[in-house]
Amino acid sequence: MRPAPTKKTLGYLAAFTIVFLWSGWIVTSRFGATSALTIYDITAMRYGISGLIVLPIAFYFKPWRGLTIRRIAAVSLFSGFPYTLVVYQAFTLAPAAHGGVFMNGVLPAITVGLGWLWFKDKPHRVQIGGTVLIIIGASVTLFGSDTNQMDTSWQGDLLFMLGGLCFALYMVMTRLWSLTATQVLFCSSVVNGVIFTPLWFFFLPSGLSEASALDIGLQALYQGILATLFGMVIVAFAVRHIGAPPTAAFMSGVPAIAAFLGVLLLGEEFGLMGWISILILTPGVLMTALWNSHTPTQKT
């Protein structure tokens, strides 16, 4: 009889799944951000739908019992609508491939930096070298764009990096506080749904009446169920069982896959310099993240 997979093995499997889920989320978000829907519509679908689904689960398990108000606020902030509004706005300004490079590509470097500041884990020279490659690769993407695209894409790229910082903080908190799946769902879905959905309904602009059924259905499915419910849980599971740096290392595949899907499905142009940037960026991501996975884990 074959032995059951260990939690560490399942953690690596979860991290592998994240790569494809995240690449699809980048393309779906870019598609939604350039449709008749507003970024507020997409955000409302993300948290309104997931919040309704998670609400009875939250009432049953009562995950708030193990969380302080400060922790609920922090996790809800960095995994919630402030984070997604920044990212969705970025997708209105820059193509999907840039989201993969500037949000997911720089994530390991940000994670290492946070580890240095938060846990006093001084980065190794291999990680510093990887961070340099990440910066070079991201710069090639930015400055390799044509002039017309750069007029707005640089603003989107900055927002993508801000989104990456928010997500890195979320991953660190997940590991630091050993958050369970129900705690993650409660903060990311229920708390954000309760706060944001009324704000959207009463005060924020909407394009639902002009959007097609395809636009609405795709965003409702991917944002409200796959990205928020399934995605946030498997990220938390992977980080908890294999750590934030290895999880971020797996996500090194996201920029290339997202760029390919952007070209294939959205008809975007990435160009030779863009693909060169990914060739530079990917080994930098692996160097930065995987080295830390072999060092002793800080006790929390």
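Whatever comes next refers back to the structure up there.
Scope of this entry: the structure provided in the associated data block. Only a predicted model underlies this, so the values are computations on that prediction, with no experimental measurement involved.

To continue, consider unusual backbone geometry. Residues other than glycine seldom take positive phi values, yet Lys62 does so here, at roughly 50°. Relative to the elements of secondary structure, Lys62 occurs in the loop between α2 (39-61) and α3 (69-78). The phi angle at Ser178 is positive, at roughly 50°, despite the residue not being glycine. Within the secondary structure, Ser178 is located in the loop between α8 (147-176) and α9 (181-203). A relative accessible area of 36% means that Ser178 is categorised as partly exposed.

Turning our attention to the side chain of Thr228. Structurally, the position occupied by Thr228 is in helix α10 (residues 213-242). When its relative accessible area of 1% is taken as the criterion, Thr228 is described as buried. Looking at Thr228, its side chain comes within polar contact range of the side chain of Arg46, at 3.3 Å. There is a polar contact of 2.6 Å between the side chain of Thr228 and the backbone oxygen of Gln223. Ignoring anything within four residues of it in the chain, the contact list for Thr228 reads Arg46, Ser50, Leu185, Ser188, Ser189, Tyr222 and Gln223.

So, about the nonpolar core. Counting 82 residues, the largest nonpolar core has Trp22, Trp25, Phe167 and Tyr170 as its most contacted members. If we skip the residues at most four places from it in the chain, Tyr170 touches Val75, Phe78, Ser79, Val184, Met232, Val235 and Ala236.

Reading the values: rules and limits
- Residues numbered from 1 in each chain as written.
- Predicted model: local features only at pLDDT ≥ 70, side-chain atom pairs only at ≥ 80, totals over all residues.
- Heavy atoms only, no water.
- Helix = DSSP H or I, 4+ residues; strand = E, 2+ residues; numbered from the N terminus.
- Buried < 20%, exposed > 50% of the residue type's maximum accessible area, 1.4 Å probe, protein only.
- Polar contact = N/O pair within 3.5 Å; in protein donor to acceptor, adjacent residues only side chain to side chain.
- Contact = heavy atoms within 4.5 Å.
- Core = buried A, V, L, I, M, F, W, Y, C linked by side-chain atoms within 4.5 Å.

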